[in-house]
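Read off the chains here:
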Amino acid sequence: MKRVSLVVTLALAAGFSVQAASAQTLKTVRDRGMLSCGVSQGLPGFSSPDDKGNWTGLDVDICRAISAAIFNDPSKIKFVPLSAKDRFTALQSGEIDVLSRNTTWTLSRDTTLGASFTGVTYYDGQGFMVKKALKVNSALELNSASVCVQQGTTTEQNLADYFKGNNMKYEVIAFGTNDETVKAYESGRCDVFTTDVSGLYADRLKLANAADHVVLPEVISKEPLGPMVRHGDDQWFDVVKWTLYAMITAEELGITQKNLDEMAKSDKPEMKRVFGTDGNLGEQLGLTKDWVSRIVRAVGNYGESFDRNVGAGSKLGIARGLNNLWSKGGIQYAPPMR
Amino acid sequence: MAIEPRKPPSQLLSNLQRALGGRAGWSGFVLQLLFVAALAWVAYEIVANARANLQAQQITAGFGFLANTAGFDVSQSLVPYSGSDSYTRVFLVGLLNTLLVSVIGIFFATLIGFLVALGRLSPNWLLSRICGGYVELIRNLPLLFQILFWYLAVLAALPSPRQSISVFDSLFLSNRGLVIPKPIGTAGFEPFAVALLVAIVAAIALSRYARHQLFESGRVIKVWPYALGMVIGLPLLIALIFGAPLTFETPVLRGFNFAGGSRVIPEFVALTLALSTYTAAFIAEIVRSGILAVHKGQMEAGSSLGLQRGSVLRLIVIPQALRVILPPLTNQYLNLTKNSSLAVAIGYPDLVSVFAGTTLSQTGQAIEIIGITMGVYLLISLVTSALMSLYGWRIGRSMG
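Rules and cut-offs
- Residues numbered from 1 in each chain as written.
- Chains lettered and ligands numbered in written order.
- Predicted model: local features only at pLDDT ≥ 70, side-chain atom pairs only at ≥ 80, totals over all residues.
- Helix = DSSP H or I, 4+ residues; strand = E, 2+ residues; numbered from the N terminus.
- Rg over C-alpha atoms; globule rule 2.2 N^0.38 Å.
- Buried ≥ 20, exposed ≤ 12 C-beta atoms within 10 Å, placed from the backbone.
- Contact = placed C-beta atoms within 7 Å.
- Domains from an automatic or database assignment.
- Nonpolar A, V, L, I, M, F, W, Y, C, P; charged D, E, K, R; others polar.
- Pairing = 2+ DSSP bridges.
- Axes fitted to C-alpha atoms, helices over the stretch in contact; angles between N-to-C directions.
- pLDDT = per-residue confidence, 0-100.
- Core = buried A, V, L, I, M, F, W, Y, C linked by C-beta atoms within 7 Å.

Asker: Just give me the short version of the overall build of chain B, but keep the residues and values in it.
Answerer: Secondary structure assignment for chain B yields twelve helices and eight strands. Against the compact-globule benchmark of 21 Å for 400 residues, chain B has a radius of gyration of 28 Å, which places it well outside the compact range. Projected onto the principal axes, the alpha-carbon positions of chain B cover approximately 75 × 65 × 50 Å. When each of the 400 residues of chain B is scored for burial, the buried share is 30%.

What follows is the structure, given as C-alpha cells:
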C-alpha cells in the first residue's frame, strides 16, 4: 500500500490532477465510460468482493447507483480497494472519482483534505469487541487492556480520548489494514478490537468462532459514514449527493425494485417529478429525466439496499436503528425533490 | 583561494576547463550547464505545479500541522509520549523506533552473518552444510513473509498474560511480549558507576601497557586475571560500602496486563528477528566471498608460523578480507534500515507507520509527509555509508 500512496503523491506533484480540479468529473466519467470508485479492502456488508470478484455492499450500491444514473448500467465501475490511510490521497490525486468507503464525516476532513462529504449513508458509532471468556460487560472495565486498531482512522483518536477521559490505561497496536488488525486480535495479541459497531459485526463473521466474541454495549463516538468527492466540482458533488437522496426519497415514497414500473405510471405530482414525467430535475443535475428509475432498478431504494447488505436480509442482521427513515424513528431524511 | 602566484594563468584556465567540461572542453561545459538548467527548470515546474494544484483544490499545505496535537497513542516510545503531544513528537517517536530496530538489527545481522560465514567455511562437514542450508533457505524467502511468520506463527503461539511462562516470578513471557524487572538506581548507584568506569579505564590501560611490553621486550604479561579482578572487585567493594546500586521493580499481573517492570513488545521482537536473520544470510555470503578473496598463501603462511586456525582468521585473513567486505556490507546495512519500514504490517510503530501512516491520514498532507519521510531515510542512509567509508578508510590506513 505504501507504493500506492507514493505513486499518487508523485502524481499529485506532477500535476495529473489539473484535469480533475477543473470541474469536469461528470464529463470525464462519461468520456471514460467508467466510474472509478474507491472502496474498502473488504468489509462485509459495506464493500467486499464475493468469490466471483463481484463487489457488493451498502457503499458499493452508492457507486452502482451513480453508475446506473449516468450509464443506465450499474456495472460500469472500476473498484479501487483502498486502505484507510491511502483513501484520501487517492481521491485528491484523481485516481478515483468518488470515495465510498465507510469514511467518517468530520469537520477537519471537510476543510483540510480538499474534499467534501456528500451525505450520510450510514449513521455509525465506535464500539469494542472482546472475547466472551474475559467476562467483561462494559468498556469501563477495560483498564490496562491491549487494543488492536486500524491505523489512519478517527477510531485511533476516539480510542485515545475515551481511555484518557475515563482515566484508564491501555496499550494500542495499530495495523495498516483491517485484516491484519482482526488477525492480531484473533491471535490473542490484543484483548480488545475496536472499530465502528457495524464493522465489529461484519468482522465478527470473519472470526473462526464468532459466538466466542461479544460486542460491548458502549458506543463511544458519532461516526456518520458517507461518500466523498473532490472540492471544486459542484455539479459532481450534486450528482453524488442526490443519488443517495434519490434512494432515500424512493423509500419514503414506497418505490421498490418490484413495483417500480407500476409506480412510474402514478398520477401524483410528487411521483411525476421523481420519475421525470413532469419537469426536468434529472437534467438539472446533468443526468437524464429517468435517473431515479435507473437507480432504483439497479440497487433498489435505500431500505432495500440496507436490508440486503447489512440489515435483516443479510448475515450481519443489523437493526435499522438511527438509519431508519425519519418518519419511522430514525434520522435518514432527504430534502424535497422539487 | 590558495592560488600560487607563480602559476601561469593559462594553465589554471586549462585545468579549470578540463575540470568543468571533461575531454570536450568548453563545449562540454556548456552542454552540462544546459543540462543542469533543464533539471532545475523541471524541478521548479514540479514544485510550482503541485502548489497550484493544491491551492486549486483547497488542500491545506505547509508544515504548520507539525505543531498540532496528534491525539493518538503509540505502543512503544523511547521518549515520553502521550496523545496530547504534537505531530513533531510523533515524528521523533517514529524515527527513534526506526533507528532502534535498525541498530539492533544491524548488530545481530552482522554477528549471525559472520558466524554463519565462518561455519560455512569450516572443515566440519555437518556445520558447513547447516550454514549453507541456512543461507539458501532464508535468502530465498520474501522478507514480509518472514516477518509475518515470526509474528503470527511463533509469537502468537505464546500463552495469554494470565498463563504466561514465568521464570522465578520475575521474567514473564506471553503474547504481550517479554516483561522483565525494571532496574531503578538508588543512592549507591553513582559511586558504583564511577567505580566501574575507573576499573574499565584501568583495565584498558593495563592491556595497552602489556601490549607495549610485548612489542618492546617480548615479555608476555597475562592481563585478563588482573583486569577481570579489577572490573568485578572494585565495584563490588563500593557496593558493599554504599549499599546495592540498583533495586528492581518486579512486574505484577494486574487486570489484563502486567503493571511495573519493562516490557519488550512482540512486534519489536518479530521485526528484529526477521530483519537480522534475513540480512544475516546475505552478510554471510559477503563475508565468505571476502575471506575467499584473500590469497590462500596468506592462510598457509599463518599456519606455518604455528598459529591456530582461529588466530589466522582473526589476525591475518579477516583484516584483509574487510577491504572486500565493507562496500557490499554497507549495502546490506542500508537495506536493513529501509526494510524496517515493513513494520507497518505487524503494527510496530516505526516512522512509516506512525508518521507516513497515521499522521498522513489524519492531516491529509501527503506531499509534505512523504517528502520528510523520504528525506529522513536518505539522511540515515547517507550517514550510515559515510560512517562505513570512514571505517574502511581507517582500516586501509592501518594496513598501510
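Text resumes after the structure shown.
Asker: Explain the overall build of chain A to me, using residue names and the numbers behind them.
Answerer: Broken down by element type, chain A carries 15 helices and 14 strands. Computed over C-alpha atoms, the radius of gyration of chain A comes to 20 Å, within 12% of the 20 Å expected from 2.2 N^0.38 for 338 residues, which places it in the range of a compact globule. If you line up chain A on its principal axes, its C-alpha atoms span 60 × 50 × 40 Å. Here the analysis covers contacts within chain A between residues at least 6 apart in sequence; of these, 74% occur between residues at least 24 apart.

Asker: Before we move on, could you go through the domain arrangement of chain A and cite the residues and values that matter?
Answerer: Residue and element names in this part refer to chain A. For chain A, the domain assignment lists domain 1 (24-123 + 225-328) and domain 2 (126-221). The C-alpha centroid of domain 2 is placed 29 Å from the C-alpha centroid of domain 1. Taken together, the 17 residues of domain 1 in the interface contact 15 residues of domain 2. Among the residues forming the side of domain 1 that touches domain 2, the class breakdown is eight nonpolar, seven polar and two charged.

Asker: Tell me about the interface of chain B and chain A, residues and numbers included.
Answerer: Taken together, the contacts link 40 residues of chain B with 45 residues of chain A. Of all the secondary-structure elements, those providing two or more residues to the side of chain B that touches chain A are α2 (26-56), β7 (257-259), α8 (266-293), α11 (351-363) and α12 (366-398) of chain B. Looking at which element gives the most residues to the side of chain B that touches chain A, the answer is α11 of chain B, with seven residues. Its residues assigned to classes, the side of chain B that touches chain A shows 17 nonpolar, 19 polar and four charged.

Asker: Please set out the pairing of strand β2 (residues 171-174) of chain B residue by residue, giving values where relevant.
Answerer: Residues and elements named next belong to chain B. Alternating residues of β2 divide into Phe 172 and Ser 174, all buried, and Leu 171 and Leu 173, none buried. Two strands pair when backbone bridges link them, and β2 and strand β3 (residues 177-180) are joined in this way by three bridges, in the antiparallel orientation. Within β3, the position partnered with Phe 172 by the bridge is Val 179. As consecutive antiparallel partners, β2 and β3 are separated by two residues.

Asker: Pulling in residues and values, what's your account of the sheet that holds strand β8 (residues 126-131) of chain A?
Answerer: Residues and elements named next belong to chain A. With respect to topology, five strands assemble into an open sheet ordered β10-β9-β11-β8-β12, the strand pairing being mixed. Edge positions in the open sheet fall to β10 (170-175) and β12 (213-215), since each of these has one partner strand only. Direction aside, the axes of adjacent strands within the sheet are offset by 30° on average. Judged from the two bridges that link them, strand β9 (residues 145-150) and strand β11 (residues 192-196) form a sheet pairing that is parallel.

Asker: Outline the pairing of β11 of chain A, listing residues and values.
Answerer: Residue and element names in this part refer to chain A. By the criterion of burial, β11 is predominantly enclosed, with five of the five residues buried. Where β8 lies against β11, five bridges are found, and the strand directions are antiparallel. Counterpart to Met 129 in the pairing with β11 is Phe 193.

Asker: Any details on the confidence of the model for chain B? Residues and values, ideally.
Answerer: For chain B, the average pLDDT comes to 85, and 94% of its residues sit at 70 or higher. The complex prediction reports pTM at 0.76, with the ipTM value standing at 0.72.

Asker: How would you summarise helix α9 (residues 197-204) of chain A if you had to cite specific residues and measurements?
Answerer: Residue and element names in this part refer to chain A. With respect to burial, α9 is a largely interior element, seven of its eight residues being buried. Looking at α9, one finds that the buried residues are Val 197, Ser 198, Gly 199, Tyr 201, Ala 202, Asp 203 and Arg 204. Buried residues along α9 sit against β7 (122-124), β8, α8 (178-186), β11 and β12.

Asker: Give me the lowdown on the nonpolar core, citing residues and values where you can.
Answerer: Core analysis: the biggest nonpolar cluster contains 85 residues, and Val 147 and Cys 148 of chain A together with Ile 147 and Leu 271 of chain B have the highest contact counts within it. Examining the composition of this core, we find that 14 residues originate from one element, α8 of chain B, more than from any other. Those residues in contact with Val 147 of chain A, other than ones at most four positions away along the chain, are Leu 159, Tyr 170, Glu 171, Val 172, Cys 190, Val 192 and Thr 194 of chain A.

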